[in-house]
Amino acid sequence: MDTIMLEGSILEHQEELEIDYSQNGKQIYPMDGIKVDKGFYSVFELRRRYQSPNKRIVLDSDFQRGNVWSLKRKAELVESVLMGLPLPVFYFNQDKYGRLIVVDGRQRLSALFEYMDDEYALQNLNVMPQLNEKRFSELSPVMAGRLEDYQIQAHVILPPTPDRVKFDIFDRVNRGGVQLNKQEIRNALYQGKATELLKRLALCGEFFSATGGAFKDEKRMKDKYILTRFLTFYLFKAGLIQNDQKERYEYKGDMDDFLGKGMDALNNMEDGMLQKLEDRTKLILDRCWYYLGENAFRIHREGRKSPINMNVFEAIMFVMNFVPDLQENLKSMIQRRVFAFIDSDVFQDNIAGRRDSEMKLMWRMEQSEALGREIKKYVGRHTGQEL
């Protein structure tokens, strides 16, 4: 019987990526966990931070999709600044390293910085036509100083504001555009080695093959979400996830906080260790495809081809961390054991309601690792191989 894909869905339970406000009035954030500062910054100071070697302002966030301003709109913004007109409030998120990640105002800052870099000349100005065709270097000292000294008002989200509060703030200030999902916001909050690694893995051939190309046209970071989950679980089991007190992290059911800590750990990882993690992930993906095929991460439902299941993905990736590399004579045995585990009533119950509760997540990780070690031991016993 031919299989069919469930209409409109690439990732099962993808609704978990969306920000849920159905609990409005029920979920109360502790006031001491919400830290938003108000301040003024000169354009000169912001540009200096942006041009610093360690990029103290992040403008190129992947979550900021499209919306590229026209030259006319950029010129009008510069004219407004030179006229001294107030601009709408900017929103920044300050990470724990002091970097400012632009939540709202990226296009405006980009337009100002590009003009100060002489990347375009002013044109079609109505109020100050005498400045038409002039680049920044051609402005009079008075006009150049007026632009550099212009004060923008910004609201800055300060650490350690919880990620779930930041998701709410991001959603409110970006509500005029495409509503962001949690992974898109997380991708903005944790710019650096983590986002670069996720981008490479999501585009690698091993991921494409193991997922049957399910994410080839993905625009909303569902691919990066399941990879973030696996990498965070992997680091957690290795004892490499820390809480805010630099102690070993204890998972208490807050998946958003957990994944944020995972991306933070990736950002702080030494390059050599990060490369080993990337190579290991690709190797595990290759094993998944070789032994289980392109439908490895789908729930087996008769008569239809279900979407990729994030919990199946992370569980099978854990199992495949322990199996030997690409041996044809092992395919049948590994398929039988892995699919029996995934199709079992106890596993299906685990990934039903409250699948990311502390108890269920720990069971899933431990049982997946146990199965992987069992397969490894079985192969060693029957082949004499040291695995």
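None of the values given here were measured: they were computed from a predicted structure.

### Observations regarding the sheet that holds strand S3 (residues 57–58)
(1) Moving on: In spatial order, the strands read S2-S6-S4-S5-S3; together these five strands make up an open sheet with mixed pairing. Looking along the sheet, the strands with just one partner apiece sit at the ends: strand S2 (36–42) and S3.
(2) Moving on: Where S2 lies against strand S6 (residues 151–157), seven bridges are found, and the strand directions are antiparallel. The partner of Ser42 across the bridge, within S6, is Gln151.

### A look at a nonpolar patch on the surface
(1) Moving on: There is a patch of nonpolar side chains on the surface, built from Met83, Leu85 and Val127 and spanning about 250 Å² of accessible area.
(2) Moving on: Along the polypeptide, Val127 turns up in the loop between helix H3 (106–116) and helix H4 (141–149).
(3) Moving on: Residue classification places Val127 among the exposed positions, given a relative accessible area of 53%.

### Side note on the pattern of salt bridges
(1) Moving on: With the rule as written, the count across this model stands at 27 salt bridges.
(2) Moving on: Across the salt bridge formed by Lys74 and Glu114, the nearest N and O atoms sit 2.7 Å from each other. Here the residue Lys74 occupies a position in helix H2 (residues 71–83), and Glu114 occupies one in helix H3, the gap between them amounting to 40 residues.
(3) Moving on: Linking Asp264 and Lys96 is a salt bridge whose minimum nitrogen-to-oxygen distance equals 2.5 Å.

The rules we used
Residues numbered from 1 in each chain as written. Predicted model: local features only at pLDDT ≥ 70, side-chain atom pairs only at ≥ 80, totals over all residues. Heavy atoms only, no water. Pairing = 2+ DSSP bridges. Helix = DSSP H or I, 4+ residues; strand = E, 2+ residues; numbered from the N terminus. Patch = residues over 30% accessible without salt bridge, like charges linked within 9 Å, V, L, I, M, F, W, Y side chains within 5 Å. Areas by Shrake-Rupley, 256 points an atom, 1.4 Å probe, with all protein chains shown as cover. Salt bridge = Lys/Arg side-chain N within 4 Å of Asp/Glu carboxyl O. Buried < 20%, exposed > 50% of the residue type's maximum accessible area, 1.4 Å probe, protein only.

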